[in-house]
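If you want the building blocks of each chain, they are given just below.
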Amino acid sequence: MRALVRRAGGVRLEDIAPPRLQRDDDVLIQVVLAGVCRTDVYVARGALPVNEPRVIGHEFAGVVLACGPAAGFRAGERVTVDPAMACGACASCRTGGACAEPLFMGVQTDGAFAEQVVVPAAYVLRTPEGMAAKRAAYVEPVAAALAVLNAPLDPAGRGLILGDNRIATLTGRILAIHGFSDVTHASAQEIPEDAAPFDFVIETQATAASLAVMFDRLKPHGLGVLKSRPAAAVPINVAQAVRKNLRLHAVAYGPFERAIELLASGALAIDDLLGEAFALEDFERAFAQSEASDSAKIFFAVSAPAAPDARGAQAGQLAHA
Ligand SMILES: [Zn+2]
Ligand SMILES: [Zn+2]
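Thresholds, definitions, all that
- Residues numbered from 1 in each chain as written.
- Chains lettered and ligands numbered in written order.
- Predicted model: local features only at pLDDT ≥ 70, side-chain atom pairs only at ≥ 80, totals over all residues.
- Heavy atoms only, no water.
- Domains from an automatic or database assignment.
- Contact = heavy atoms within 4.5 Å.
- Buried area = accessible area lost by both parts, 1.4 Å probe.
- Salt bridge = Lys/Arg side-chain N within 4 Å of Asp/Glu carboxyl O.
- Polar contact = N/O pair within 3.5 Å; in protein donor to acceptor, adjacent residues only side chain to side chain.
- Buried < 20%, exposed > 50% of the residue type's maximum accessible area, 1.4 Å probe, protein only.
- Helix = DSSP H or I, 4+ residues; strand = E, 2+ residues; numbered from the N terminus.
- Pairing = 2+ DSSP bridges.
- Right-handed = clockwise from strand over helix to strand, strands pointing away.

### With respect to the domain arrangement of the protein
Per the domain assignment, the segments of the protein are domain 1 (2-138 + 271-318) and domain 2 (152-250). When each unit is reduced to the centre of its C-alpha atoms, the spacing between domain 1 and domain 2 is 30 Å. Residue-level contacts link 14 residues of domain 1 with 12 residues of domain 2. Summed over both partners, the interface of domain 1 with domain 2 buries about 1100 Å², with 48% contributed by carbon and sulfur atoms. Considering only the surface of domain 1 that becomes buried against domain 2, Arg38, Leu273 and Asp294 emerge as the three largest contributors, covering 47% of it. If you look at where domain 1 meets domain 2, you find one salt bridge. Of the charged contacts in the structure, one is a salt bridge between Asp272 and Arg173, with a shortest N-O distance of 2.7 Å. Linking domain 1 with domain 2 are five residue pairs in polar contact (both at pLDDT 80 or more), by the criterion used here.

Take a look at the structure:
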């Protein structure tokens, strides 16, 4: 099968052996459309080191091809995945808690910029039959934006989403749907010098500079929400945080089911955030465009599902939706 592989210091489109079902709960999925995320670009560019060779990609819409006897899926079902999978080996996993170091698809396990991928059933989610592939491939970013609701934010509070990018826009819409009425999103430069301080600040791209702005702009006892995944460690001014009694809350994902619901019902408008779909062969242009603009999601149109019947034909249409 064709796959974008990080190997020997670069990325190549390779023809590799397709993954196979190994465990009883494994699901073999045909990837239809996959989204390009910052994490994927970090891996492609070598900013986030991985064990090579590694197939990149973690956001996608697909169709079940086959599964193990205990997986509980059927061939032909439309699916997406939660890409952060419990390692099963850390102290927290062994004592029945949430995993301390989840394996991330496309980073620690092979990913979705490939025609096929195998994922344990616990991380596979059904998407509605009629949902456009770009929406189904956008479930993971929406679940990541929903994560801010895991932090104890006051809907009546004065909030700032820091960043002038797609994730800031998406996060703002998520908060609006959930009853927040006094939230602005802006880049650091756009915030007036004399703006009143904020009850909470959400970062969408953590750098030393953006976290300094977060700490400056929060009220004493204010809440800073960390949600981005920078490739390297970011320094913070601990003394300033202590002086102001700041609270910091890091969040990874909200419920994927809720993300699917919001996308299926149309309650969340996202069409303006969805960009062009490239062929896998065009990966250099796709990554370059993804790096150049943070305003629209770039996709790979990976494959059109086989069309043995009406259902398959419909899935084929979705590939181009
Ligand atoms: Zn992502
Ligand atoms: Zn673990």
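After presenting the structure, the write-up continues.
### Things to note about the pairing of strand β11 (residues 159-162)
Residues Gly159 and Ile161 line one face of β11 and the alternating positions Leu160 and Leu162 line the opposite face, and both faces are buried. As defined by bridge partners, β11 adjoins strand β12 (residues 183-186) across four bridges and the pair is classed as parallel. Following the sheet pairing, Leu162 is matched in β12 by Ala186. Tracing the backbone out of β11, into helix α5 (residues 166-177) and back to the parallel element β12 gives a crossover that is right-handed.

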